[in-house]
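Residue-level structure breakdown
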Amino acid sequence: MTKINNILKNQLDQIKKDGTFKNERIIQTPQETEINVLGKTVINFCANNYLGLSNNVDIKKAAIEAIDEWGFGLSSVRFICGTQTIHKKLEQKVSEFHGKEDTILYSSCFDANGGLFETILSKEDAVFSDELNHASIIDGIRLCKAEKNRYRHADMGHLEELLQKSTARLKLIATDGVFSMDGVVAPLKEIVALAKKYDAMIMVDDCHATGFLGKEGKGSADYHNVLDDIDIITSTFGKALGGASGGFISSSKEIVQTLRQKSRPYLFSNSLAPALVAASIKVFDMIQNDFSYKKNLEKNTMYFREKIKEYGFDIKGTDHPIVPIMIYDAKKAVKMSEELLKKNIYVIAFSYPVVGKDQARIRVQLSAEHTQEQLDHALSAFCDIGRILNII
């Protein structure tokens, strides 16, 4: 072990030297808009808790009741003895929500994306992936035997050029619904038009959209009013939908049945725990009957985006609760996050290689649960520190 430990130690030392070492800050309270980090109370602006449901009383109650009724875990995979009636109920809920024929549950959306492409595509087929897609899409595509094409980010001209050249049996365009570093929604209307023109299918990863984006909160395709034109939707229960874990794929019954037969992360991973399943069912019941969570999030998003621009900051994206505040200089971005923490604002700085060179930023993520007072405190802190650091 000495040899590998020495090799890895040198690598870790280099990561620290490069300033990209990831320290895990320990939260000492439940996930909410106000949390305790190392004994200090801070306002949390870096969680995916978009609808503010991570510590919701009704969702916790549903999870507790499920443990009493269904047990703690299944100790099995789905096709052996790991499917309960609540698993089928959740799959039906998700299918109805997205207007798809069927849904399959995974341990995470990373697993869903990892098990999708290899299962449904062969060497006769081709996949076309946005260059800024999530790592799980990239890794999933690597596992399949299909011809691999990468188009420039949201560049429809480049995508059409690649589609036009392809003679593949099946063509699948794969894209994030929302690109998490930029808060930018994929141009799905244009992608749909190209898919129809070149007889291609569309797969959308909607992890940063399900539950709140669009007229009915059904995601990026709902936002663009093209939900019926998307062939495959992958997403997670681990962000807006309660914030725990678990993922899914919604699609045609043939695609989902094929995934149940052949998708390795599904076949060889334990079933989702009953508490998680029941809580996720409760989430769908809540958000389909009560749009107040979504409306609060939209109000907070619009308010913060407008104010931060008024103060002179450069931001990316529109409409989305991911608000990348562009600092450009990596050292300044880190310094700003450190100074904000002193003012009880918890945000993270991102720089190369997570984002492009000279594209360093502070990524703010808004929640339906953020209060007006919390937003104003954050905006004031950004303004004060931005002026001190000559950012604005």
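Heads up: these notes are all about the structure in this document. (Residues numbered from 1 in each chain as written. Predicted model: local features only at pLDDT ≥ 70, side-chain atom pairs only at ≥ 80, totals over all residues. Heavy atoms only, no water.)

It is at 9 Å that the axes of helix H4 (residues 85–98) and helix H12 (residues 274–289) come closest, and there the two elements cross at 30°. The angle between H4 and H12 places the two elements in the roughly parallel class. Viewed along their axes, H4 and H12 form a crossing whose handedness is left-handed. For the pair H4 and H12, the contacting residues are Ile86, His87, Lys89, Leu90, Lys93, Val94 and Phe97 in the first and Pro274, Val277, Ser280, Ile281, Phe284, Asp285, Ile287 and Gln288 in the second. Here the residues of the contact of H4 with H12 sort into nine nonpolar, three polar and three charged. (Axes fitted to C-alpha atoms, helices over the stretch in contact; angles between N-to-C directions. Helix = DSSP H or I, 4+ residues; strand = E, 2+ residues; numbered from the N terminus. Parallel < 35°, antiparallel > 145°, perpendicular 65-115°, else oblique. Left-handed = near helix turned anticlockwise from the far one by under 90°. Contact = heavy atoms within 4.5 Å. Nonpolar A, V, L, I, M, F, W, Y, C, P; charged D, E, K, R; others polar.)

So, on to the pattern of salt bridges. Overall, the coordinates contain 19 salt bridges when judged by the stated rule. Ionic pairing is found between glutamate 161 and lysine 165, a salt bridge with its closest N-O pair at 3.5 Å. Remark: lysine 165 and glutamate 161 occur in helix H7 (residues 156–165); sequence separation between them is four residues, near one turn of the helix. The exposure class of glutamate 161 is partly exposed, given its relative accessible area of 36%. The salt bridge partner of lysine 218 is glutamate 216, with a shortest N-O separation of 3.9 Å. Overall, the relative accessible area of 42% leaves glutamate 216 in the partly exposed class. Salt bridges sharing partners connect three or more residues here, namely Arg78, Lys88, Glu91, Asp102 and Arg260. (Salt bridge = Lys/Arg side-chain N within 4 Å of Asp/Glu carboxyl O. Buried < 20%, exposed > 50% of the residue type's maximum accessible area, 1.4 Å probe, protein only.)

What follows deals with the sheet that holds strand E6 (residues 171–176). On the basis of which strands lie adjacent, the open sheet formed by seven strands has the order E3-E11-E10-E9-E6-E4-E5 and mixed pairing. Edge positions in the open sheet fall to strand E3 (102–106) and strand E5 (147–151), since each of these has one partner strand only. With strand direction ignored, the average angle separating the axes of adjacent strands in the sheet is 20°. In this fold H4 packs onto E3, strand E10 (232–236) and strand E11 (247–251), with an angle of close to 125° to the strand it touches most, E3. (Pairing = 2+ DSSP bridges.)

On to the side chain of serine 337. Position of serine 337 relative to the elements: it lies in helix H14 (residues 330–342). Given the relative accessible area of 5%, serine 337 is considered buried. Within the structure, serine 337 has its side chain in polar contact with the backbone oxygen of valine 334 (distance 2.8 Å). The contact partners of serine 337, leaving out residues within four places of it in the chain, are Val347, Ala349 and Ile362. (Polar contact = N/O pair within 3.5 Å; in protein donor to acceptor, adjacent residues only side chain to side chain.)

A few words on the packing of aromatic side chains. Counted under the stated rule, the structure contains eight aromatic pairs. Measuring from centroid to centroid gives 5.2 Å for phenylalanine 237 and phenylalanine 248, while their planes differ by 45°, and the two rings are tilted. In this pair, phenylalanine 237 is assigned in the loop between E10 and E11 and phenylalanine 248 in strand E11, connecting sequence segments eleven residues apart. For the pair phenylalanine 237 and phenylalanine 248, a shared accessibility class is recorded, and that class is buried. Each ring, one from phenylalanine 304 and one from phenylalanine 382, has its centre 6.4 Å from the other, and the planes form 80°; the classification is edge-to-face. Pair noted here: phenylalanine 304 is in helix H13 (residues 292–310) and phenylalanine 382 is in helix H15 (residues 372–388), with a separation of 78 residues, a long-range link. The buried category is assigned to phenylalanine 304, whose relative accessible area is 0%. Here the aromatic residues Phe45, Phe304, Phe313 and Phe382 are joined through ring pairs into a cluster of three or more. In this arrangement the basic side chain of lysine 218 is found over the ring face of phenylalanine 97, its NZ or CZ atom lying 5.8 Å from the centre. (Phe/Tyr/Trp six-rings, centres within 6.5 Å; stacked < 30°, edge-to-face > 60°. Lys NZ or Arg CZ within 6 Å of the ring centre and 35° of its normal.)

This brings us to the pairing of strand E4 (residues 126–130). The buried fraction of E4 amounts to five of the five residues, a majority that puts the element mostly inside the structure. Here E4 shows two buried faces, one formed by Ala126, Phe128 and Asp130 and the other by Val127 and Ser129. In terms of strand pairing, E4 meets E5 through five bridges, oriented parallel. Within the sheet, the bridge partner assigned to alanine 126 lies in E5 and is glutamate 147.

What follows deals with the sheet that holds strand E14 (residues 345–346). In spatial order, the strands read E1-E2-E14; together these three strands make up an open sheet with mixed pairing. Each end of this open sheet is capped by a strand with a single partner; those strands are strand E1 (34–37) and E14.

On to a negative patch on the surface. Taken together, the side chains of Glu32, Glu34, Glu369, Glu373 and Asp376 define an acidic patch exposed on the protein surface. Among the structural elements, aspartate 376 can be located in helix H15. (Patch = residues over 30% accessible without salt bridge, like charges linked within 9 Å, V, L, I, M, F, W, Y side chains within 5 Å. Areas by Shrake-Rupley, 256 points an atom, 1.4 Å probe, with all protein chains shown as cover. Lys, Arg positive; Asp, Glu negative; His and termini not counted. Charge placed at Lys NZ, Arg CZ, Asp CG, Glu CD.)

Mapping lysine 171 onto the fold places it in strand E6. Buried within the structure, lysine 171 lacks any salt-bridge partner; aspartate 199 is the closest side chain of opposite charge, at an N-O distance of 5.9 Å. The residues contacting lysine 171, other than those within four sequence positions of it, are Ala126, Phe128, Leu163, Ser166, Tyr198, Asp199, Ala200 and Met201.

By themselves these figures say nothing about function.
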